[in-house]
Every structure is written in structure tokens, then in C-alpha cells.
Amino acid sequence: MTNFAVQLCDITKTFPAGRSGRNDVAAVNHINLSIQPGEFFTLLGPSGCGKTTTLRLIAGFEQPTQGEIFIQNQPVSKIPPYHRPVNTVFQNYALFPHLTVGQNVAFGLNVKGVPRHEIEQRVKESLDLVRLPDLENRKPSQLSGGQQQRVALARAIVNRPSVLLLDEPLGALDLKLRKAMQLELKHLQTQLGMTFIYVTHDQEEALTMSDRIAVMNEGLVLQIDDPVTIYEKPATRFVADFIGESNFLNGNIDAVLSDKIQVNVAGTQVFSYWTNNGLKRGQDVTLTVRPEKLKLAPLNGTNHGTLIGTVQEIVYLGTDTRYLVGLLSQETVVIRVQNVGGDRSVAFAIGDQVKVSWFPEDIRTLIV
Amino acid sequence: MTTRRKAYLAILLSPGALWLFVFFVLPTLLILIYSFLERRDGGGVIWNFGMAAYLKLFSPTNDSYINDFLIIFLRSFWWAFLTTVICLLISYPLAFYIARQPPSTRSFLLFLVMIPFWTNFLVRIYAWKFILNNNGLLNSILSAFNLPRLALINTPIAVLIGLVYVSLPFMVLPLYASIGKLDFSLIEAGLDLGANYFQVFRRIFFPLTMPGIIAGSVLVFIPVAGQYVVPTILGGGKVAMLGNILAQQFGPDLNWPFGSAISVVFMILLMMGILFYFRIEQEEAI
């Protein structure tokens, strides 16, 4: 049997509907997850997708309606939160306001009855680890948001849990601090070799830090993959739309070839490499392509796999320029072009007729 | 600008200050002065300064009256303490439960806690007398079930029941205020760090609600220690407290200086207790 840090087997969690009189709500719906030891695993999705409920199920604050959770291959349904080998970094930090920073960090060790000299040493170590020395005697209210965040982190890792659960820990920090903390968290995780399960709604954060990402929506896990696969090969329209920016083109399959399909998009023949078996001629499909994978060219001659359109909007973003192009099919696509040509980079004007093209391997097929 | 603000402040504060001076500071001074004067037969005082009243209070003597008095003194504090502890044990879970309810239920439950204030205090205590009487409501119910009757009225237990009853809202409300302010995610944080429910209560909940516990205890202890009505009605005069003794000095015994001296000593003891309490609270806050 493979050794997993955390395993969720067919977990469902329903909450009573309350006074609204509707049916019970399934916050998490038959999900399966297998998380490797030492992995940085992210649960990514919009608010209400069930990611925080999943984390709370692992921590033991909620009981699954159905299914079993294993931590280090041990079923934990009957184990209360205070006996589980996991620790949580809470979204609002939940620092104890009546205790000093040092007492907060020492809390877990104190209730476990760790000898005093060992507590002192480990508290110091973990405060050093989160780069927060010399603040041991402060109260949480005397710290900045970023410092409180580090205390929450130190308070959790000082217990050396086998799994660290992080519930949007950077949500309350400003952008610059958040960016810095993302890298720091990733370094810390590598350094400690600890399993991190990280909940966020920020797709960029997920891509930056994770070994693997589980994209969730409406209580379902839509795709579990490494960041590159999630971004480059989204499994569903939701994943393609939620992570990064995507263009969607609706079409109908004209021909299924050995390694690609030929799709009719508003009268234009478009090729797409595909991996899903079972596609048939005449079937409706949605093609998806990232804005930076599209190329713009002036209208002269026609090519295969190109669409004709009119530039409707130009947004200059510094590193690149974002064009909104209206196609003949009434659909619009977004194209990002890197500004490599200095001040002559923006080569088109609003109203220009343009040709939109791409490499066939950059366009993905989603079944409608 | 600042002088104008000071003038406004003085105007706004003067009604309260005047009230406090006339109805608190002056009477307190009066009692303090009376306690150093001599008794006049038939009530009032003779303006001869001395320590007679205090000497009577503290001199070791075989006078059974004085011994009774010391017992009553100690009993008043002991009962006030017991009442405070019982109120705390009843009110803490109750306040916790109320604080965890949805807002509409919460206001309704708080309304129920305060509803007794709408009925006259004496009427409520007399109601208890009818409940606890030898042929009262409680004993009627007990005998209906063929259970032995309880002789509660005019016993310390009846007095204690009455004291707890009148004090309960004063404990529930400050506790509720302080529990309601608490961030309940701290419970999860505690459990997450390996503390069981008892440890979470002792290490997180209890210290964080200390201000409410202290406020409630002070609000219960002080009035109870000086209670007059409850021991008179439910104790039937057999179980006296400080209030009864004071009433006796200013009433039948007509010994105003001695009554004043008792008041002064009582006040000093209570103030010492309160200062000690607030010291604990401040240490908790550091």
C-alpha cells in the first residue's frame, strides 16, 4: 500500500438547510484526494466551492456525512481534532489575545506536557524560522498583520505536525507582502519537508507555490494536476476560465483525424490536438486557447487555422498589450502580445482588420 | 477653545456630580462622623467625639450579643461568597448558551433574564415565601407525589435560594457581555493545538472572560453581603445578616453611632476586597 500523508475516500459533507426549507446542501460532494508526504497541495476554487469545508474535515472540526479520511493511513473519523497529527493556520490567525507571542507559540507544547527547557528551545527555533525573533514578549495586538501571520505559522509548525493545514493564510495581507510570503512559505515547506495543504481562491498564488492543485467548484473536484498541466491542459471549461484568462470558441467537428480533429468554427476550419477519446464527427465542441498563445497579423492572404476579425479594444499593460478582437462569428477573443518591439510594439489600431492564428497544439478541446 | 470645552464639560458633568455629592458623598461623610460620636437615648447622637462604637465592635468580650454580631458578620460574607459562586456556576453555562444563539433568539433569552425586574422586589421575595412555606407550593407538589416534605422556610437554605434568585441577572448580564465578545474561532485554534475541551476552557475561555466574571462577582457579592429583605422574609428573623443588624441599630436599639461604625467597617472590608479583585484583573490583562 502506498504511503499517503492524507487520503480522502468518497467524502461527502452535507449541511442542514436551516430555516430556508430547502434540501440539505452538499458542501463537499463525493470527493477523492490522495496527498503525498512532503507535498505542497493546494485546494483552489471560488468562495463556497467546498475547499474550506474539506480542510475543516481533515482538521476534525467537521465530521463527514459519508466516506472516510485517512491521515498517515489511519482512519480519523473517530479521532477528535486535538488528537490528530495536523495543525492549522487560520484565515483570521486566531491568536490568543491574552497570551504573549511566546506563550501563543508554546501553547501546543504546553498542553502536551513537553518539558519546559525543550519548549523554550523549540519556541525560539520556530520564531527564528518564521524570521520573527525578539518579539516573544509582545501581545498579538501589538503586532502588524504580517507579523501576526508569522506567529500563527510558528504556533502551528512548532508542534511538528505531519500535515500543516493553511486556510487562506495570506488573504488579509497587502499585495507586496503576500508575494513575499508566498515564496517564504514555499521555502519553509521545502526546508521542513512538511506536507502542506493550502486553501486559496487566488489562482496565481496556487500556481506559484503548489506541487499539485485540486481545482474545486460547487463541492466537486474538477481536476487534480501540477500547475503546468492545470494551466496548459485544463480539463473543463470552469478550470480553463478560473485559472488565468481563456478564450472559448464554439464549433462542430468536421473530421476526426489520427492525432487531431478538424473543427468548423463559424465557417473556418480549425485544427486542435486532443487527448479525449470518443469524439465523433458532427459533435459540438468548445475549443479553448490562452490569450498569449494567439498571434495577430495584418490581413493579407489566408491561412489554415486562422480567424478573421476586427480590433475592438487595445489595453497597453507595459510588459504586453491586450487586444480584444471581434470575430466574424460575433464571438470575441483576447490576445496578449509581448511588447518586444520597444515603442513600436503596438502595431495595430482600433478598427484594423486582423488575422488571428496559433499553433494547433496550443488549442484544447473541451466537450460541450 | 480648551477653556470653552472645559466649561461645556463642567456643565455636562454637574448634574451627575451634584447627585453623587448630595446622595452619596454627604451621607457617607455623615455616617463616618456619626460613628465617632456617642449614643443618645431615644435616637440621634451626642456630639462627643470618641471611639466608643469601634471599641464595642472590636473589644473581646463575653457579651453574647457581640459574639452574635461577629458570627453574623462572618456569615454575611460567607453567604455572599456562596451566592457568588453558585450564581457563577449557574450563569456561566447559561450566558455561554445565550451567546451562541442566533441574534433573534439571543435578545429573547436576554429579555427573559431581565423580566423579573418588572415585578416589585418585595413581591418576588414573598412569592418565594409561598413557594417554600411548609404548606407552600413546593411541599404541596412533593406530597402529591408522596414524597417527604421539606422544612425550608426560615432556614439558611431558604435564604440562600432567595439570594441566588435575586442576584442571578446581575451575574448573567456581565458574563454574557464578555462571552459574546469572544472570538469563537479561538476554541478551534485551541483544539487544533492539542488542547481538549477542558483545557480550552481553562487556558483560553476562562482567562478571556475574567473581566465578566469579576464584574458579575462584584455586582453580586456587594449587595448580597448587605442584604436585608431576603433574610428577613425567607429567614424569618431567625437567620440574620448584616442588613438585619444595621436595621436593629437604627431601629429598635436606637444606637446610631454603633450602626454607623458597623457600616464603616463593612465598607472598608468591601473596598479592600474590590481593590484586591481589580488587582487580579489588571494582572490578567498584562
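Residues numbered from 1 in each chain as written. Chains lettered and ligands numbered in written order. Predicted model: local features only at pLDDT ≥ 70, side-chain atom pairs only at ≥ 80, totals over all residues. Heavy atoms only, no water.

A. Here's a closer look at the overall build of chain B. Secondary structure summary: chain B contains 13 helices and 2 strands in total. Principal axes of the C-alpha set define a box for chain B whose edges measure 80 × 70 × 35 Å. The buried share among the 286 residues of chain B stands at 40%. When the accessible surface of chain B is split by element, carbon and sulfur atoms take 72% of a total near 16,400 Å². Chain B carries 17 positive and 11 negative side-chain charges, and their two centres are separated by 8 Å. (Helix = DSSP H or I, 4+ residues; strand = E, 2+ residues; numbered from the N terminus. Buried < 20%, exposed > 50% of the residue type's maximum accessible area, 1.4 Å probe, protein only. Areas by Shrake-Rupley, 256 points an atom, 1.4 Å probe, with all protein chains shown as cover. Lys, Arg positive; Asp, Glu negative; His and termini not counted. Charge placed at Lys NZ, Arg CZ, Asp CG, Glu CD.)

B. Here's a closer look at the overall build of chain A. What chain A contains, in helices and strands, is 8 helices and 20 strands. Overall size of chain A, expressed as C-alpha extent along the three principal axes, is 80 × 50 × 45 Å. The 368 residues of chain A split such that 49% are buried. Within chain A, counting contacts between residues at least 6 apart in sequence, those at least 24 apart form 66% of the total. Accessible area of chain A: about 17,300 Å², with a carbon and sulfur share of 50%. Between the centroid of the 35 positive side chains of chain A and the centroid of its 36 negative side chains there is a distance of 4 Å. (Contact = heavy atoms within 4.5 Å.)

C. Representation of the interface of chain A and chain B. Contacts between chain A and chain B engage 24 residues on the former and 22 residues on the latter. A combined buried area of about 1,900 Å² lies between chain A and chain B, and 61% of that area is made up of carbon and sulfur atoms. Counting across the interface, chain A meets chain B through 1 salt bridge. Here B:Glu188 and A:Arg56 are joined by a salt bridge, their closest N and O atoms 2.8 Å apart. Counting residues per element, the ones that place at least two in the side of chain A that touches chain B are α1 (51-59), β6 (86-89) and α2 (101-111) of chain A. Counting residues per element, the side of chain A that touches chain B draws most heavily on α2(A), which supplies 4 residues. (Buried area = accessible area lost by both parts, 1.4 Å probe. Salt bridge = Lys/Arg side-chain N within 4 Å of Asp/Glu carboxyl O.)

D. Summary view of the packing of aromatic side chains. If you walk through the whole model with that rule in mind, you get 24 aromatic pairs over all chains. Relative to A:Tyr198, the ring of A:Phe40 has its centre 5.6 Å away and its plane inclined at 40°; by these criteria the two rings are tilted. Of the two residues, A:Phe40 sits in strand β3 (residues 40-44) while A:Tyr198 sits in strand β8 (residues 195-200), which places them 158 residues apart along the sequence. The exposure classification of A:Phe40 matches that of A:Tyr198, with both residues buried. An aromatic cluster is built from B:Phe73, B:Phe77, B:Phe221 and B:Phe266, whose rings are joined through pairwise contacts. Between the NZ or CZ atom of A:Arg155 and the centre of the ring of A:Phe96, over which it lies, the distance is 4.7 Å. Taking the ring centre of B:Trp79 as reference, the NZ or CZ of B:Arg75 above it sits at 5.7 Å. (Phe/Tyr/Trp six-rings, centres within 6.5 Å; stacked < 30°, edge-to-face > 60°. Lys NZ or Arg CZ within 6 Å of the ring centre and 35° of its normal.)

E. Local environment of the sheet that holds strand β2 (residues 25-35) of chain A. Residues and elements named next belong to chain A. Taken together, 4 strands build an open sheet; the order of strands is β2-β1-β4-β5 and the sheet is antiparallel. The open sheet is flanked by β2 and β5 (74-75), the only strands paired with a single partner. Alignment of strand β4 (residues 66-71) against β5, held across 2 bridges, turns out to be antiparallel. Bridge pairing in β5 places Ile71 opposite Gln74. In the packing of α1 onto the sheet, the strands contacted are β1 (6-15), β2 and β4, and the crossing angle to β1 comes to about 115°. (Pairing = 2+ DSSP bridges. Axes fitted to C-alpha atoms, helices over the stretch in contact; angles between N-to-C directions.)

F. Seen up close, the pairing of strand β7 (residues 163-167) of chain A. All names here are of chain A. Counting buried positions along β7 gives 5 out of 5 residues, so the element sits mostly inside the fold. Residue alternation in β7 divides its side chains into two sets, Val163, Leu165 and Asp167 and Leu164 and Leu166, and both sets are buried. The pairing of β6 with β7 spans 4 bridges and is classified as parallel. Bridged to Thr88 within β7 is Leu165. Where β7 meets β8, 5 bridges bridge the pair, whose relative direction is parallel. Its bridge partner being in β8, Leu165 is matched across the sheet by Ile197. The parallel pair β7 and β8, bridged by helix α5 (residues 175-192), forms a crossover whose chirality is right-handed. (Right-handed = clockwise from strand over helix to strand, strands pointing away.)

G. View of unusual backbone geometry. All names here are of chain A. Phi at Asn73 takes a positive value of approximately 65°, unusual for a residue other than glycine. Within the secondary structure layout, Asn73 lies in the loop between β4 and β5. What makes Asn73 partly exposed here is its relative accessible area of 23%. The phi angle at Glu218 is positive, at roughly 50°, despite the residue not being glycine. For Glu218, a relative accessible area of 63% puts it in the exposed group.

H. Representation of the nonpolar core within the structure. By size, the foremost hydrophobic cluster in this structure holds 100 residues, and its most contacted members are A:Ile197 and B:Ile262. With residues up to four places along the chain from it excluded, the contact list for B:Ile262 reads B:Leu57, B:Phe69, B:Phe73, B:Leu242, B:Ile245, B:Leu246 and B:Gln249. Counting 34 residues, the second-largest nonpolar core is a separate cluster that includes A:Ala106, A:Val114, A:Leu153 and A:Leu170. (Core = buried A, V, L, I, M, F, W, Y, C linked by side-chain atoms within 4.5 Å.)

I. Region of interest: the pairing of strand β14 (residues 284-289) of chain A. All names here are of chain A. Most of β14 is tucked away, with 5 of its 6 residues classed as buried. Pairing of strand β11 (residues 247-256) with β14 involves 6 bridges; the strand directions are antiparallel. Looking at the pairing, Phe248 lines up with Thr288 of β14.

J. Broad picture of the sheet that holds strand β18 (residues 332-338) of chain A. Residue and element names in this part refer to chain A. Taken together, the 5 strands give an open sheet; going across it, the order is β15-β19-β16-β17-β18, and neighbouring strands pair in antiparallel fashion. For this open sheet the edge positions go to β15 (295-298) and β18, each flanked by a neighbour on one side alone. On average, each strand axis in the sheet is inclined to that of its neighbour by 45°, with strand direction left out of account. Bridge count for strand β16 (residues 306-316) against strand β17 (residues 320-327) is 7 bridges, and the pairing is antiparallel. Bridge pairing in β17 links Tyr316 to Thr321.

K. A look at the environment of B:Leu57. Residue and element names in this part refer to chain B. Relative to the helices and strands, Leu57 resides in helix α2 (residues 52-58). Among the residues examined, Leu57 registers a relative accessible area of 5% and is labelled buried. Between the C-alpha atom of Leu57 and that of Ile262, which follows or precedes it by 205 residues, the distance is 7.6 Å.

L. Seen up close, the packing of helix α5 (residues 121-132) of chain B against helix α7 (residues 156-180) of chain B. All names here are of chain B. Between α5 and α7, the least distance of the axes is 11 Å, while the angle of their chain directions is 140°. Classified by the interaxial angle, the pair formed by α5 and α7 is oblique. The interaxial crossing formed by α5 with α7 has right-handed handedness. On α7, the residues that touch Phe121, Arg124, Ile125, Trp128 and Leu132 of α5 are Ala158, Ile161, Tyr165 and Val166. Of the residues assigned to the contact of α5 with α7, the class counts are 8 nonpolar, no polar and 1 charged. (Parallel < 35°, antiparallel > 145°, perpendicular 65-115°, else oblique. Left-handed = near helix turned anticlockwise from the far one by under 90°. Nonpolar A, V, L, I, M, F, W, Y, C, P; charged D, E, K, R; others polar.)

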